[in-house]
Number of protein chains: 2
Amino acid sequence: MTLNFWLRNRSVILYGVSLAVLLLLMKWLEWRFIIVDHAFELYAGALAIIFTLLGIWLAVKLTKPKTTTIIVEKEIFVKNDAFILNTNELTRLGLSKRELEVLQLMAEGLSNHQIAERLFVSLNTIKTHSSKVFEKLEVERRTQAIDKAKKLNLIQ
Amino acid sequence: MTLNFWLRNRSVILYGVSLAVLLLLMKWLEWRFIIVDHAFELYAGALAIIFTLLGIWLAVKLTKPKTTTIIVEKEIFVKNDAFILNTNELTRLGLSKRELEVLQLMAEGLSNHQIAERLFVSLNTIKTHSSKVFEKLEVERRTQAIDKAKKLNLIQ
DNA sequence: TTTTTGCTCATACTTTAGGGTGATTTTAAT
DNA sequence: ATTAAAATCACCCTAAAGTATGAGCAAAAA
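What comes next is a walk through the structure. These figures come from a predicted structure and were not determined experimentally. (Residues numbered from 1 in each chain as written. Chains lettered and ligands numbered in written order. Predicted model: local features only at pLDDT ≥ 70, side-chain atom pairs only at ≥ 80, totals over all residues. Heavy atoms only, no water.)

**Description of the protein's contact with DNA strand C**
Here is the rule we go by: Note on terminology: near, applied to a residue and a molecule or strand, indicates that one of the residue's heavy atoms is within 4 Å of it. For the purposes of these results, a polar contact is taken to be a pair of N or O atoms within 3.5 Å, where, inside protein, one atom must be able to donate a hydrogen and its partner to accept one; residues adjacent in sequence count only when each atom of the pair is a side-chain atom.
What surrounds DNA strand C is a group of 18 residues, the closest being Arg142 of chain A together with Ser96, Arg98, Ser122 and Asn124 of chain B. The share of sugar and phosphate among atoms of DNA strand C within 4 Å of the protein is 68%. Taking Lys127 of chain A, its side chain carries an N or O atom lying 2.7 Å from a base oxygen of DNA strand C. In the model, a phosphate oxygen of DNA strand C is placed 2.8 Å from a nitrogen or oxygen of the His129 of chain B side chain.

**Brief notes about helix 6 (residues 123-137) of chain A**
Residue and element names in this part refer to chain A. Here is the rule: To qualify as a helix, a DSSP run of H or I must reach at least 4 residues; to qualify as a strand, a run of E must reach at least 2; elements of each kind are numbered from the N terminus. An expected span of 1.5 Å times one less than the residue number is assigned to each helix. Buried residues are those whose accessible area, probed at 1.4 Å on protein chains only, stays under 20% of the maximum for their type, while exposed residues exceed 50% and partly exposed ones sit between those limits. It is the directions from the helix axis to the C-beta atoms that the arc portrays.
Along its 15 residues, helix 6 runs 21 Å from first to last C-alpha, staying within 8% of the 21 Å computed at 1.5 Å per residue. Those residues of helix 6 that sit buried are Ile126, His129, Ser130, Val133, Phe134 and Leu137. Projected onto a plane normal to the axis of helix 6, the buried residues spread over an arc of 135° and lie on a single side. In helix 6, those exposed residues whose orientation departs by more than 90 degrees from the buried face are Asn124 and Glu135. Note on helix 6: the residue one or two positions beyond its end, Glu138, has a positive phi of about 60°.

Here's what the structure looks like:
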């Protein structure tokens, strides 16, 4: 407890002790070399300087450091791969759900045969769907359809 | 409020009190051992207090606050149309310049015939190129090639 | 210089894609 | 209940795509 008190307040205690020592020293000096002219002014000046420095030291030591928080916004460019289906365009073109499904699988590189298997329908059905898709998208080839559909955000 | 004031300034108050105690101690010491003018000590004490306070004030006023910079990441979603060709993948796959050119035109929806016309070569040449492209990309269809090439950033 | 690589083209053949037409069934809307 | 759209499937035919093989030529690399 006593040790704790010492640790917590050693700055103050040290200060008091050193002040006492300083004053005693000055007194002794004064007593020793009292001959000096304007002794009082010098003494006061020294005191002022010393205690100003002491005050600065105290403030720096004992006050919490000022902190200014600067918030800087760092712009991070993120690739917008969050696909948002263009519903407007979809309804405008009149593409049905199934047709869009076929178009999506086309874009993934599947052949008509593979799409038929995937959707559990016949090859002819897929042909009919794809033909309708090309008609509605006003294209002639699946590659064109894919390109256009991607540009219109109809598929991913 | 008063308690808060105490907590915030206990260092300074403690210092003041201890200074007062110290001065009393000195007075007592003076009265006990040394015979000097009383006014001077009071003056010195006042000086000490004033200039210590001045030092504290100076320090508080003039110290630069520590700045903490907090960087907040602000996400900006950008359409990533800044295409960067994946040269590593390109050389890894061993795709030639011409083959890449054909692949690019494929992705734009052109037929082999159209590509041939565009590049002023025969249809058979384009067929050869496309076959090589499929081989190197390890795919069977142009739609697959397009899909893979886009995912690998080989084409736009 | 020789070799390799890239680009070109051809022929023959197979597979896939696409167009046209028509029909049935299911689902949704009027 | 009727109509309309969507989804399904078939057949026929043509066009395009893709495979395989061989070959000529020019530029770059060994």
